[in-house]
Amino acid sequence: MILALVACCFAGNHVAARLAFENGTGLLLAVLCRSGVALLILISIVTVQRHSIRLPKRIGRWQLLLGLMITIQSLCLYSAVARVPVALALLTANTFPIMLALLTWALGGRRPTLKSSALMLFILFGLVLALDLPGILGGDVEVTATWWLGIAFALTAALALSVAFWVTDHKLAALNGSVRSMFTMVVVFIAMIIAGFGEVLPGGMAFPQATQGWIGLGVLVVLYGGAFSVLFITVPRLDMARNASVMNMEPIATLLFGWVILGQMISPIQMVGGLVVISGIVILTLRKSA
């Protein structure tokens, strides 16, 4: 139940982000506020638990890489959310387990088994349906260049997250989780400040232009910060190896919230595709846990 609540909060965070972006909120500002709250929470956790924050030199560059990957993932996912229906952005980004398995294999790790490969193809088939590629390629459904750009951003977010997980598992596993996450948020926060002052993204630090924009920004910060803190405080008692798959209900919650709050609807075939993607990811996750 705790993980289900956390998944719903993360889903609501993305829907609130779309509401904020539709009312003039800058992308960099949203990530800056979100990472700032997460950083404060992590600093509090590390302080209360009295963890050492000394970072060995040999892993410093890997910690920096992890922070940069999470920065890219955050920016790309929010960029996707701003351009395509939120549920589709989340479904596309949630294909990162496939990229992680292939990346691990490419870097000398275990080759995916035949069953895992079949599951990956099953997930990709679901993604094809979720994006309604048959209808798009057949000319029955028209999409804009902005839509394609949004999907590209979501796939880039998935790739960045897979690299982040590989670095965490293979280079930073010995570092305490709270400390590792704190340094990661430090990198994200500083990167957003530099990007904002450098005007890397025009309008990236723009404030909301309407009340709904301020509400969206406030809600995304509260939901993300709340979910983040609950997850980190309770994770030692959640048996994540068995229960982590519950987090995959996030795209389903996003679909519901997107419909109720934003009025976003997807077709029945896209819903079927979304269920296929989520089912495949859950099965793949459970197989790895086993």
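Residues numbered from 1 in each chain as written. Predicted model: local features only at pLDDT ≥ 70, side-chain atom pairs only at ≥ 80, totals over all residues. Heavy atoms only, no water.

1. Some thoughts on the overall build of the protein chain
Right, on to step 1. For the protein chain, the count of helices and strands is 13 helices and 0 strands.
Right, on to step 2. Ordering the α and β elements of the protein chain from the N terminus gives α-α-α-α-α-α-α-α-α-α-α-α-α.
Right, on to step 3. Over its C-alpha trace the protein chain gives a radius of gyration of 19 Å, about what one expects of a compact globule, namely 19 Å for 290 residues.
Right, on to step 4. In the protein chain, the proportion of contacts linking residues at least 24 apart, taken out of those at least 6 apart, comes to 90%.
Right, on to step 5. In the structure as shown, the protein chain presents an accessible area of about 14,400 Å², 69% of it carried by carbon and sulfur atoms.
Right, on to step 6. Of the side chains in the protein chain, 17 bear a positive and 8 a negative charge, and the two mean positions are spaced by 22 Å. (Helix = DSSP H or I, 4+ residues; strand = E, 2+ residues; numbered from the N terminus. Rg over C-alpha atoms; globule rule 2.2 N^0.38 Å. Contact = heavy atoms within 4.5 Å. Areas by Shrake-Rupley, 256 points an atom, 1.4 Å probe, with all protein chains shown as cover. Lys, Arg positive; Asp, Glu negative; His and termini not counted. Charge placed at Lys NZ, Arg CZ, Asp CG, Glu CD.)

2. A closer look at a nonpolar patch on the surface
Right, on to step 1. Side chains of Leu256, Trp259, Val260, Ile261, Met265 and Met271 sit close together on the surface and give an oily, nonpolar patch of about 630 Å² of accessible area.
Right, on to step 2. Relative to the helices and strands, Met265 is located in the loop between helix H12 (250-262) and helix H13 (268-289). (Patch = residues over 30% accessible without salt bridge, like charges linked within 9 Å, V, L, I, M, F, W, Y side chains within 5 Å. Salt bridge = Lys/Arg side-chain N within 4 Å of Asp/Glu carboxyl O.)

3. Focus on the state of the cysteines
Right, on to step 1. Counting across every chain of the model gives 0 disulfides.
Right, on to step 2. This cysteine, Cys9, is not joined by any disulfide, and Cys8 carries the nearest cysteine sulfur, 7.1 Å off.
Right, on to step 3. As a non-bridged cysteine, Cys33 has Cys9 as the owner of its nearest cysteine sulfur, 18 Å distant.
Right, on to step 4. Its relative accessible area of 24% is what places Cys33 among the partly exposed residues. (Disulfide = S-S within 2.5 Å. Buried < 20%, exposed > 50% of the residue type's maximum accessible area, 1.4 Å probe, protein only.)

4. Comments concerning the environment of Ile151
Right, on to step 1. By the secondary structure assignment, Ile151 is in helix H8 (residues 145-171).
Right, on to step 2. With a relative accessible area of 6%, Ile151 lands in the buried category.
Right, on to step 3. Separated by 148 residues in sequence, Ile151 and Leu3 have C-alpha atoms that sit 27 Å apart.
Right, on to step 4. Contact partners of Ile151, with chain neighbours within four places excluded, come to Val84, Thr92 and Leu131.

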